[in-house]
Amino acid sequence: MSLHPRPIDPIPEATARVARQAFPKGNRYILLRDELGTIYTDVEFAPLFSVHGQSALSPWRLALICVMQFLEDLTDRQAADAVRSRIDWKYLLSLDLGDPGFDFSVLSEFRNRIIAGHLEQRLLDQLLEQCKQKGWIKERGKQRTDSTHVLAAIRTLNRLESIGETLRAALNAVATVEPEWLKGWVSSAWFERYGRPVEEYRLPKGKEARQTYAETIGADGMDLLEQVWSEAAPPYLREIPAVDHLRQTWIGQFWVDNGHLRLRDAKDLPPVGKRSNSPYDPEARYGNKRSTTWTGYKVHLTETCDADAMHLVTHVITSTANVPDIEQTEPIHQALKAKRLLPREHLVDAGYVDTGLFMTSRKTDGIELMGPMRPNGSWQAKEADAYDLSQFHINWNTKKVTCPQGKKSKSWTPTKDAWGNAVIYVKFSRTHCRLCQYRTHCTRCATEPRSLTLRPKAAHQLLHSMRHQQKTLEWQQQYHQRAGVEGTLSQGIECFGLRRTRYIGLAKTHLQHVLTGIAMNITRITSWLTGIPHVHTRISRFATLADDSSLCSVPNLL
Ligand code: SF4
């Protein structure tokens, strides 16, 4: 990526003079403009705009305004007001003192253009490129990643509310464009059922009554779909997103039994990843992490974390809430590679690692993926005198495993597990195990002999050596630095509204997260330039009294 010539628009003399008088010691926008110029130029946004005519406000200014909006957690109206009234904003944007600004709706339109042109990441990458040139970040340092949940901007609905609201949303959409057509056939009972939001306190109580009510809604929805697909209906009604969402929801929620529409049992519903909770944000999904459940999205922040260097967000990924963290490890590495910001060490939690990723990251990109391998979860590993995998001796050449009682395995079968990973299924002799006096230490199955599921040799040996390594003090001290990313997520949530999406849909939510990442970087750059040190983890007075030094060790956070 080549850098644009900077600055592109000089700061008007009067603006510069008044800004210096108003902020004799400078402020973050003045510092940013003096240090990095305008960051963006119109060249980056050229594909988004018509070659004819001239935009009311330069795209580079709009991009910066979007970032400043997230820096201060402002609405579009407040941001447009700040452009008109704030001298430090005018300084950064190179605007005249009397510049009239723009209508706030321009910002929404600009965000749509950014999304349509897939330029979200470029906004962050452009800033990172300049940071690289300044020597503030470099390739092959340390980076860390973690994720947090993001709540969708919708009311969370139970299943019955969700079905009712899906039909209500479709009716509202059709009533907006074809009111007379709808009025011509709709039943008067529907106005009672769908005239107001479908809310739990108005719904029937009791399992049977609710089932009947759900099937009534189902039959009404089918009526609407049949009417929309009839020859008398305007064909474009089938293209309305709310109608299509109704059609898809009905396929997932109902089935036809001898001509009657029935509500599916919970066990017959589509998987969570394919099921929408609300028609008002159909892309939001149900998520579950430890004891936290939510509807919406998940954001993954990756940042540099070298000691005594600036800690900057290098990559932002947004996914729906149901996507597991481990699916993002590879895309993060690919994105960092494209930015020429691959780390030497990548610190992550257990959700981002497995032996396959550990090996491919090291081999393909030279990255040491540092994260705790999941412990052996078998009951044998949890009981002191039981025989877990570590007590069996594996001879990879002869393809035989010897148990703690000296018996050799009977079969060795390479196969695939439920997730398609290569594994080896090892089984012992039924006769040996039946006669074994230590059987209760080995298996709880009354009829079958002991069996083991092994990974291929390289993965097996790596897993065991890593589990061993992770118990060492040296590894734990090295890994301790990962904890700082929790502070980064906390900063995003507390200062930049990361916990709740402002917008509807994955694409706009992702843009919000990228802008938040840039805002966090700008805060960190200006803090660094003004000598504000990294914040350390706060330890309570009580915790400092503990003898356990691990409670008192303080990693750098920001
Ligand atoms: S139960 Fe079978 S595999 Fe287990 S120790 Fe006894 S003989 Fe070995």
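Description of the structure in this document. (Residues numbered from 1 in each chain as written. Predicted model: local features only at pLDDT ≥ 70, side-chain atom pairs only at ≥ 80, totals over all residues. Heavy atoms only, no water.)

A few points about the overall build of the protein chain
Thought 1: If you tally the helices and strands in the protein chain, you get 22 helices and 13 strands.
Thought 2: Its C-alpha atoms give the protein chain principal-axis dimensions of roughly 95 × 70 × 50 Å.
Thought 3: Across the 558 residues in the protein chain, those meeting the buried criterion constitute 47%.
Thought 4: In the protein chain, 68% of the contacts between residues at least 6 apart in sequence involve partners at least 24 apart.
Thought 5: Roughly 28300 Å² of accessible area belongs to the protein chain as shown, and the carbon and sulfur atoms make up 53% of that amount.
Thought 6: Once the 73 positive and 61 negative side-chain charges of the protein chain are each reduced to a mean point, those two points are 7 Å apart. (Helix = DSSP H or I, 4+ residues; strand = E, 2+ residues; numbered from the N terminus. Buried < 20%, exposed > 50% of the residue type's maximum accessible area, 1.4 Å probe, protein only. Contact = heavy atoms within 4.5 Å. Areas by Shrake-Rupley, 256 points an atom, 1.4 Å probe, with all protein chains shown as cover. Lys, Arg positive; Asp, Glu negative; His and termini not counted. Charge placed at Lys NZ, Arg CZ, Asp CG, Glu CD.)

So, the site of the ligand
Thought 1: With respect to spatial proximity, the complete set of residues near the ligand consists of Y387, C403, Q405, K407, F428, H432, C433, C436, R439, C442 and R450.
Thought 2: Breaking the shell around the ligand down by element, the ones donating at least two residues are α16 (430-435) and α17 (439-442). (Near = heavy atom within 4 Å.)

Topic: empty space enclosed by the protein
Thought 1: As enumerated under the stated definition, the model contains 1 cavity of 30 Å³ or more in all.
Thought 2: In this structure, the largest cavity spans a volume of roughly 30 Å³.
Thought 3: What lines the largest cavity is Y40, E44, F45, L119, R122, L123 and Q126.
Thought 4: Tallied by class, residues from the lining of the largest cavity come to 4 nonpolar, 1 polar and 2 charged. (1 Å grid on protein atoms, 1.4 Å probe; cavity = no way out; pocket = protein on both sides within 12 Å on 5 of 7 lines; lining within 4 Å. Points joined across faces, edges and corners; volume = space filled by probe spheres on them. Nonpolar A, V, L, I, M, F, W, Y, C, P; charged D, E, K, R; others polar.)

Details of the sheet that holds strand β12 (residues 422-427)
Thought 1: Ordered in space as β11-β12-β13, the 3 strands form an open sheet in which the pairing is antiparallel. Each end of this open sheet is capped by a strand with a single partner; those strands are β11 (411-416) and β13 (451-454). The sheet shows a mean angle of 25° between the axes of neighbouring strands, direction not considered.
Thought 2: Judged from the 4 bridges that link them, β12 and β13 form a sheet pairing that is antiparallel. In the sheet register, V426 faces β13, and the bridge partner there is L452. (Pairing = 2+ DSSP bridges. Axes fitted to C-alpha atoms, helices over the stretch in contact; angles between N-to-C directions.)

Let's talk about the packing of aromatic side chains
What characterises a pair of aromatic rings is the spacing of the ring centres plus the angle enclosed by the ring planes.
Thought 1: On inspection of all chains with the given rule, the structure shows 10 aromatic pairs.
Thought 2: Where Y40 meets F45, the ring centres are 6.1 Å apart and the plane angle is 70°; that geometry is what we call edge-to-face. Accessibility assignment for this pair places Y40 and F45 in one class, buried.
Thought 3: For the pair W181 and W185, a centre-to-centre distance of 5.7 Å together with 70° between the ring planes defines the contact as edge-to-face. (Phe/Tyr/Trp six-rings, centres within 6.5 Å; stacked < 30°, edge-to-face > 60°.)

Examining the side chain of H245
Thought 1: Within the fold, H245 resides in helix α12 (residues 241-253).
Thought 2: H245 has contacts with T166, S276, S278, P279 and P282, leaving out every residue within four places of it along the chain.

A short note on helix α7 (residues 120-134)
Thought 1: Over its 15 residues, α7 runs 23 Å from end to end, which matches the ideal 21 Å to within 8%, given 1.5 Å per residue.
Thought 2: When you tally the buried positions in α7, you get 12 out of 15 residues, the bulk of the element.
Thought 3: As for α7, its buried residues are in contact with α2 (28-36), α3 (59-71), α6 (105-116), β6 (313-320) and α21 (506-529).
Thought 4: Phi turns positive, to about 80°, at G135, one or two residues after α7. (Expected span 1.5 Å × (residues − 1).)

Thoughts on the environment of P533
Thought 1: If you trace the backbone, P533 turns up in the loop between α21 and α22 (549-552).
Thought 2: Sequence spacing of P533 and S187 is 346 residues, and the spatial spacing of their C-alpha atoms is 67 Å.

So, unusual backbone geometry
Thought 1: A positive phi angle is found at D73, which is not glycine, with a value near 55°.
Thought 2: With phi around 55°, S94 is a residue other than glycine that occupies positive phi space.
Thought 3: Structurally, S94 can be placed in the loop between α5 (87-93) and α6.
Thought 4: Take S94: its relative accessible area is 6%, and that puts it in the buried class.

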